[in-house]
Amino acid sequence: METFVVALFLIFILGSIASLLLRRSRWHDRAAYISSLLGTMLALILSLNALIGGAGGSFSLWEIAPGLVLQYRLDSLSSFFLLILSLVGMALSIYGLGYGKEYADKGKGTLMGAEWNLFFLSMLLVLLAADAFTFLFAWEAMSLISFLLVMTDHDREPVRKAGYLYVAMTHLGTLFLFLAFFLLYKELGDFSFLMWEKLGPTLDGGLRSILFLLLLIGFGTKGGLMPLHIWLPRAHPVAPSHVSALLSAVMLKMAAYGMVRFFFGVLGEVSPWWGALLLWIGGASAFIGILYGVVENELKRFLAYSSSENMGLIVMGIGASLLFRTNGNELFSSFALMAALFHGLNHALFKGVLFMGAGSVLCATHTQNSNRLGGLIHRMPHTAFLFLLGGVALAAFPPLNGFMSEWMLYQSLLQISFSAPSFWQGGLGILAAVLLGMAGALAAGGVVKHFGTAFLAVPRTEEAAKAEEAPLSMRLGMAFLTLFLILFGLFPGIATGLIGRVIQSIGFKTGAVFPLLLVVPETETEIFLSPLLFPFLIFLFIGGAWALLRWKLGATKVSEGETWNCGTPYTPSMGYTATSASHPLLLMFRPFFRLERRVEMRGEYAYFPKGIAHRIDAHTLFEQFLYKPLLQFVLFLSRQIRRIQNGNLQSYLLYMIVTLILLLLWAQRG
Amino acid sequence: MEIFWTVLFSGVQLFFILLFSPLVQGVIKKTKAVMQNRVGPPLLQPYYDLMKYLKKDSVVSKQASWLTRFTPYLLFALILSAGLFIPTFLPISPLGGWGDFLVVVYLFGLARFFTALTAYDAGGSFGGMGASREMALSAFGEGAFLFTAFAVLFVVGTTQLNFLAPDLLAHHWGWENPAYWLTFVAMLIVLIAETGRIPVDNPDTHLELTMIHEGMLLEYSGRHLGLVHWAAMMKQFLFLSLFLQFFFPWGVPEKMSVGLLLLSILLFLGKIFLIGFFLGLIETLYAKIRLFKVPRLFLSAMFLAFLAMIIHLAL
């Protein structure tokens, strides 16, 4: 395993160097993507080997200073996330071969190729880290390299703004991780995760609760949980599309990885309110996240908000698992955690497909605003079809994979109520499940809106009318991941079987999981689902209806006609736009958006105006009530502190002397 | 042998749904007509309409893609599949053990998803208008539907619809339970909204100001329209039978015999026509409310379901 990992490191490092060295040739971006493809294929073998063959292990590679060793470890949990990384990474590397061309032409391909490989390397390191020092090092590297990747188009103002916000927020999160790790080191006297896992559960309850909160904020910032999500809908859309896909599908999952690793491994016994808190935060993220997403007109912004939603769902699953753990219901605790991890995998897969689809649209039309698109299903039929499948999975409809994990989430949440030991838990589960349902309906609405306005109807602009189908490599990348959407939808047992091993390695006994039929036995209320049945029935009935009608009444005779428009000639501008599609939603959920409505009439008479300008501005709650005041406060504080920096050498000397005296006094006291 | 019975029972159920769903529609229309002092179309008019539609040619918009031709068949298939998971005249549903209430919700959801999606396909304004309204309302509607249904399923402690009726009866689910009344009213609101009736939606109009569901179907014609209409009627039928299972679970046979089976079929049809009559009554008595007031209706349904759940927990 050690040589394997070293080979992996080398591939990514060499890939990034090759991209830099070959900057004058046409091959620089191809080198980057081919090396990342090789690396992720190798990572897939490594993770499957560890998951199925149990060939994990640990080793140390580099001793920086005595007592400060970079230590690595591959166990089931990290290899499961490595599986996500490698599947999505392989698809994106294939996709990048086509998508990177545009950046190569702009002269940005060299650096991006290098950063692309290093980004993989840093995420690999996060997963392999076996002690706090290595983990934080990798975590910081991941944040910084992703920041550089987000800033690829730094010559545009919004990109720079988003990038700075991202780097500020991610450092805020890391600060909390530092605090948590420092506390753990101070209490346990060791950096290694192995020792923490052994000694962590012996810690005092109050301290563990503080650690829980610190870790939640730290990982929650990276995972884009409400209200720490504000960087996410800004950074994702401005990054190159395959980078957004990687950020959303894989990097956010690192937060889930951290939570599972520390909440289940290190913190040991659980207080009941932890699970409830996670349920609320997850539910709020899911519902509000997708609500803000649905009204967005840019494809990638919608997808980014939906990532915030899906992280919320994963956190709900983790919360449910913790709650069952306090109740002593181990079967459902493992089931809920399985649902969370399965949803993590599924989200990575379908969000990868959708971001790639958005990227292809962006490539073909140079806009991702659905208002300026339309009719792409005729121009880009393959991309449209794959995007539609991704959308169906995102909206969690059977028979694709999104439904399977969401069904498991529903069952875990409802079981909280059905087997509730206390009054407050009885309501909590059903409320959470209803939030899940509403988030699902909103997500479906978002997909309908974007697919309907961007891919269907008639092109509304010149760019959309001239769009051409994406190159083969980009379609292949999408199709590769789409296969898994179908595979895990029809045979969720493959995924849950693997996840079962992960969960057992954290110390759970899991219920039996069969490849065709998802079953959790041994409870008074057995829950069943037969995923293969749905496509069978649907195809049977479609075929049956078609054949019967044809046999009895003859083939359908179809003639073409003009779209009905009350008799007036048809023009493309009559198609419904994304803005108008979100209008009812904006008005119905008015309290969430702080709507500002302005209507300006031009002309002499109010009842016979020459022109009307109508404008609605929507603001999100968090920014107005949380971040704006906070920002103002920080700016105020900074201005006050700046006073001591007066540019006078003597006063600086005075500061030093005063500090020195204070320090001496303090030392004397001790 | 078990497979044989499952297939047979599934076949009977499908036949039942396909056959009787237009009749329920006819009962509602006739009730409305009589209430409004009209003669109204004959009770069997929905059947004549369907036959006429299915025989006719379709006109498809020049701007439309393959989705327009595919969606009617898909809708029909999705609603039929959902029908196999909902119990009708027997306590169990044909494929009850293989899928649960959530599957039904998501199959209906997928049908709505494709209806709304395809509404954009022809590129007209009416389709998009209907679709955006439908999807915006569905966020509330889904919440209210799940909330009320969970409040009922909470009584039996499972999402399996198999053996729902006997289980509910065994838990003293009936007139004397206050939670029963609260969820009943909540579910009635959901039922009216989901079947697209007044006061939420008007199924008999093509005015752009009022329509939601019809707006999405404007571009369909001929055989496609027939399939879509039939699917909508079946969905209404299934919702009604779910409603019956939730709130009028009595009368389903506990033992199998030909006599009991016939009795239960008659009883079921009686119940469902009564509910249809009741829906027609509501539709005559009320006017359609403004679109942006509908969420309040759903919120009140959710609130009632929430109260019911608290009562469950307190009792």
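Residue numbers restart at each chain and count upward from 1, following the sequence in its written direction. Just so you know, chain letters begin at A and ligand numbers begin at 1, following the order they were written in. Local features are withheld for residues below a pLDDT of 70 in this predicted model, meaning they are given only at 70 or higher, and side-chain atom pairs are given and counted only at 80 or more; totals for whole chains, interfaces and linings count all residues. By convention in this description, side-chain values take in all heavy atoms of the structure and omit both hydrogens and water.

(A) Quick peek at the overall build of chain A. The secondary structure content of chain A amounts to 25 helices and seven strands. In summary, chain A has a C-alpha radius of gyration of 27 Å against a globular reference of 26 Å for 670 residues, a match within 12%. Taking the principal axes of its C-alpha atoms as reference, chain A extends roughly 95 × 70 × 60 Å. To sort residues, take the accessible area from a 1.4 Å probe on protein chains only and compare it with the maximum for the residue type: under 20% means buried, over 50% means exposed, and anything in between is partly exposed. Each of the 670 residues in chain A was classed as buried or not, and the buried ones make up 59%. Helix numbers and strand numbers start at the N terminus; a helix is a DSSP run of H or I with at least 4 residues, a strand a run of E with at least 2. As defined in this context, the radius of gyration uses C-alpha atoms, and a globule is described by 2.2 Å times the residue total to the power 0.38.

(B) Structural detail: the pattern of salt bridges. Any Lys or Arg side-chain nitrogen found within 4 Å of a carboxyl oxygen on Asp or Glu counts as a salt bridge. As enumerated under the stated definition, the model contains 13 salt bridges over all chains in all. With a shortest N-O distance of 2.3 Å, A:Arg261 and A:Asp75 are connected by a salt bridge. Of this pair, A:Arg261 sits in helix H10 (residues 241-266) while A:Asp75 is found in the loop between strand S2 (68-74) and helix H3 (76-105), placing the two residues 186 residues apart along the sequence. A relative accessible area of 6% places A:Arg261 in the buried class. The shortest N-O distance in the salt bridge between B:Arg112 and B:Glu194 comes to 3.9 Å.

(C) Local environment of the interface of chain A and chain B. Residue-level contacts link 81 residues of chain A with 83 residues of chain B. Here chain A packs against chain B, burying approximately 7000 Å² in sum over the two surfaces, 75% of which is carbon and sulfur. Of all residues in chain A, A:Phe541, A:Tyr576 and A:Met588 give up the largest surface area on contact with chain B, accounting jointly for 10% of the area buried on that side. Linking chain A with chain B are two salt bridges, by the criterion used here. A salt bridge links B:Lys62 to A:Glu562, with the nearest nitrogen and oxygen atoms 3.2 Å apart. Any N or O atom pair separated by 3.5 Å or less is treated as a polar contact, with the protein-specific requirement of one donor-capable and one acceptor-capable atom, and with residues adjacent in sequence counted only for side-chain atom pairs. The tally of links between chain A and chain B comes to 21 residue pairs in polar contact (both at pLDDT 80 or more). When contributions to the side of chain A that touches chain B are tallied by element, the ones reaching two or more residues are helix H14 (376-379), helix H15 (381-394), helix H16 (401-418), helix H17 (423-455), strand S4 (527-529), helix H21 (533-553), strand S5 (558-561) and helix H22 (578-588) of chain A. Residue contributions to the side of chain A that touches chain B peak at 19 residues, all from H17(A). Where S5(A) and strand S1 (residues 58-61) of chain B come together, four bridges link them in parallel fashion. Residue pairing in the sheet places A:Val558 in a bridge with B:Ser58 of S1(B). Residues are treated as being in contact if the distance between any of their heavy atoms lies within 4.5 Å. Buried area counts how much accessible surface, traced with a 1.4 Å probe, disappears from two parts once they are put together, with both parts' losses summed. Two strands make a pair as long as DSSP finds a minimum of two bridges between them.

(D) How the structure looks around helix H5 (residues 132-150) of chain A. Residue and element names in this part refer to chain A. The end-to-end C-alpha distance of H5, which contains 19 residues, comes to 26 Å, matching closely the 27 Å that a straight helix rising 1.5 Å per residue would cover. For H5, the buried fraction is high: 14 of the 19 residues fall into the buried class. The N-cap of H5, judged by a side-chain oxygen 3.1 Å from the amide nitrogen of Phe 133 a few residues on, is Asp 131. To estimate how far a helix should reach, multiply one less than its number of residues by 1.5 Å.

(E) Molecular detail of the environment of A:Leu148. Residues and elements named next belong to chain A. Mapped onto the elements of the fold, Leu 148 is located in helix H5. Residue class for Leu 148 comes out partly exposed when judged on its relative accessible area of 42%. Sequence spacing of Leu 148 and Glu 187 is 39 residues, and the spatial spacing of their C-alpha atoms is 36 Å.

(F) Representation of unusual backbone geometry in the model. All names here are of chain A. Residue Pro 227 is reached from Met 226 by a cis peptide bond, and omega for that bond is -5 degrees. By the element assignment, Pro 227 lies in the loop between helix H8 (205-223) and helix H9 (232-238). Positive phi, normally seen in glycine, also occurs at His 366, with a value near 60 degrees. You can see His 366 is positioned in the loop between helix H13 (330-365) and H14.

(G) Structural detail: the packing of H8(A) against helix H11 (residues 272-294) of chain A. Residues and elements named next belong to chain A. Lines fitted to C-alpha atoms define the axes here, with helix axes fitted over just the stretch in contact, and angles between the N-to-C directions of these axes take values from 0 to 180 degrees. Here H8 crosses H11 at 20 degrees, and the two axes come no closer than 11 Å. Viewed along their axes, H8 and H11 adopt a mutual orientation that is roughly parallel. Helix-helix and strand crossings are classified by hand; for H8 and H11 the assignment is right-handed. On H11, the residues touching Arg 208, Ser 209, Phe 212, Leu 213 and Leu 216 of H8 are Trp 273, Trp 274, Leu 277, Leu 278 and Ile 281. The residue classification treats Ala, Val, Leu, Ile, Met, Phe, Trp, Tyr, Cys and Pro as nonpolar and Asp, Glu, Lys and Arg as charged. All others, Gly included, are polar. When its residues are assigned to classes, the contact of H8 with H11 shows eight nonpolar, one polar and one charged. By definition in this entry, angles of less than 35 degrees are roughly parallel, angles greater than 145 are roughly antiparallel, angles of 65 to 115 are roughly perpendicular, and the rest are oblique. By definition, turning the near helix anticlockwise from the far helix through less than a right angle yields a left-handed crossing, and turning it clockwise yields a right-handed one.

(H) Seen up close, helix H5 (residues 125-156) of chain B. Residue and element names in this part refer to chain B. In this model, H5 (32 residues) spans 46 Å end to end at C-alpha, consistent with the 46 Å of a helix rising 1.5 Å per residue. Of all the bends in H5, the greatest, near 35 degrees, is centred on Ser 138. Following H5 by one or two positions, Gly 157 adopts a phi angle in the positive range, close to 75 degrees. To obtain the bend at a residue, axes are fitted to the seven residues ending there and to the seven starting there, and the angle between these axes is taken.

(I) How the structure looks around the packing of helix H7 (residues 178-194) of chain B against helix H11 (residues 294-314) of chain B. Residues and elements named next belong to chain B. Across the interface, H7 lies against H11 with an axial gap of 8 Å and an inter-helix angle of 155 degrees. What the angle tells us is that H7 and H11 run roughly antiparallel. You can see that H7 and H11 cross each other, and the crossing is left-handed. Between H7 and H11, the contacting residues are Pro 178, Ala 179, Leu 182, Thr 183, Val 185, Ala 186, Ile 189 and Ala 193 on the first element and Leu 297, Phe 298, Ser 300, Ala 301, Leu 304, Ala 305, Leu 307, Ala 308, Ile 311 and His 312 on the second. For the contact of H7 with H11, a count of residues per class yields 15 nonpolar, three polar and no charged.

(J) Here's a closer look at the side chain of B:Thr71. Mapped onto the elements of the fold, B:Thr71 is located in helix H3 (residues 66-83). Of the polar contacts made by the side chain of B:Thr71, one reaches the side chain of B:Thr118; its length is 2.7 Å.

(K) Structural view of the nonpolar core. We call a set of buried residues a nonpolar core when its members are Ala, Val, Leu, Ile, Met, Phe, Trp, Tyr or Cys and they connect through side-chain atoms within 4.5 Å of each other. Among the nonpolar cores identified, the biggest contains 340 residues, and A:Phe263, B:Phe101, B:Phe113 and B:Phe150 are the most heavily contacted of them. The leading source of residues in this core is H13(A), at 20 residues. Those residues in contact with B:Phe150 that sit more than four places away from it in its chain are A:Tyr410, A:Leu414, A:Ile430, A:Ala433, A:Val434, B:Phe101 and B:Leu102.

(L) Here's a closer look at the confidence of the model for chain A. Across chain A, the average pLDDT comes to 86, with 97% of residues at or above 70. Predicted confidence in chain A is weakest over strand S3 (residues 518-520) of chain A, with a mean pLDDT of 56, and strongest over H15(A), with 94. Confidence scores labelled pLDDT are given residue by residue by the predictor and lie between 0 and 100.

(M) The arrangement of a nonpolar patch on the surface in detail. Residue and element names in this part refer to chain A. Judged by side-chain polarity, Leu 10, Ile 13, Leu 14, Ile 17, Leu 21, Leu 22, Trp 27, Ile 34 and Leu 38 come together as a nonpolar surface patch covering roughly 850 Å² of accessible area. A per-element tally of the nonpolar patch places helix H1 (residues 2-21) first, with five residues. Considering the arrangement of structural elements, one finds Leu 14 in helix H1. The patch calculation keeps residues exceeding 30% relative accessible area without a salt bridge and links them within 9 Å when they carry like charges or within 5 Å when they are nonpolar (Val, Leu, Ile, Met, Phe, Trp, Tyr). Per-residue accessibility takes into account occlusion by the displayed protein chains alone, with areas from the Shrake-Rupley method and a 1.4 Å probe.

(N) Examining the environment of A:Phe4 more closely. All names here are of chain A. As for its placement among the helices and strands, Phe 4 is situated in helix H1. According to the relative accessible area criterion, Phe 4 is partly exposed, its value standing at 24%. Separated by 39 residues in the primary sequence, Phe 4 and Ala 43 have C-alpha atoms spaced 8.8 Å apart. In this structure, Phe 4 is in contact with Leu 42, Ile 45 and Leu 46, ignoring residues within four places of it in sequence.

(O) Highlighting a positive patch on the surface. Under this rule, positive means Lys or Arg and negative means Asp or Glu; His and the chain ends count for nothing. We put the charge of a Lys on NZ, of an Arg on CZ, of an Asp on CG and of a Glu on CD. Residues A:Arg590, A:Arg597, B:Arg290, B:Lys293 and B:Arg296 make up a contiguous surface patch of positive charge. Take B:Arg296: it is sitting in helix H11.

(P) Quick look at the packing of aromatic side chains. Two rings belonging to Phe, Tyr or Trp (six-membered ring only in the last case) form a pair when the distance between their centres is within 6.5 Å. Interplanar angles under 30 degrees mark stacking, angles over 60 mark edge-to-face geometry, and anything in between is tilted. Scanning the entire structure with this criterion turns up 80 aromatic pairs over all chains. Taking 5.2 Å as the distance between ring centres and 85 degrees as the angle between the ring planes, the aromatic pair formed by A:Trp116 and A:Phe120 counts as edge-to-face. On the criterion of helical spacing, the pair formed by A:Trp116 and A:Phe120 is a turn pair, its members being four residues apart in helix H4 (residues 109-128). By the burial criterion, A:Trp116 is buried, and A:Phe120 matches it. Here A:Phe181 and A:Phe262 contribute two aromatic rings whose centre-to-centre distance is 5.3 Å and whose plane-to-plane angle is 40 degrees, an arrangement assigned as tilted. A residue pair is termed long-range when its members are at least 10 positions apart, and A:Phe181 in helix H6 (residues 157-188) and A:Phe262 in helix H10 qualify at 81 residues. Grouping residues by exposure puts A:Phe181 and A:Phe262 together as buried. Criterion for a charge above a ring: Arg CZ or Lys NZ at most 6 Å from the ring centre, at most 35 degrees from the ring normal. Note that B:Lys235 overlies the ring of B:Phe108, its terminal NZ or CZ placed 5.6 Å from the centroid.

(Q) Here's a closer look at the side chain of A:Ser76. All names here are of chain A. Residue position: Ser 76 is located in helix H3. For Ser 76, a relative accessible area of 15% translates into the label buried. The residues contacting Ser 76, other than those within four sequence positions of it, are Leu 51, Arg 501, Val 502 and Ser 505.

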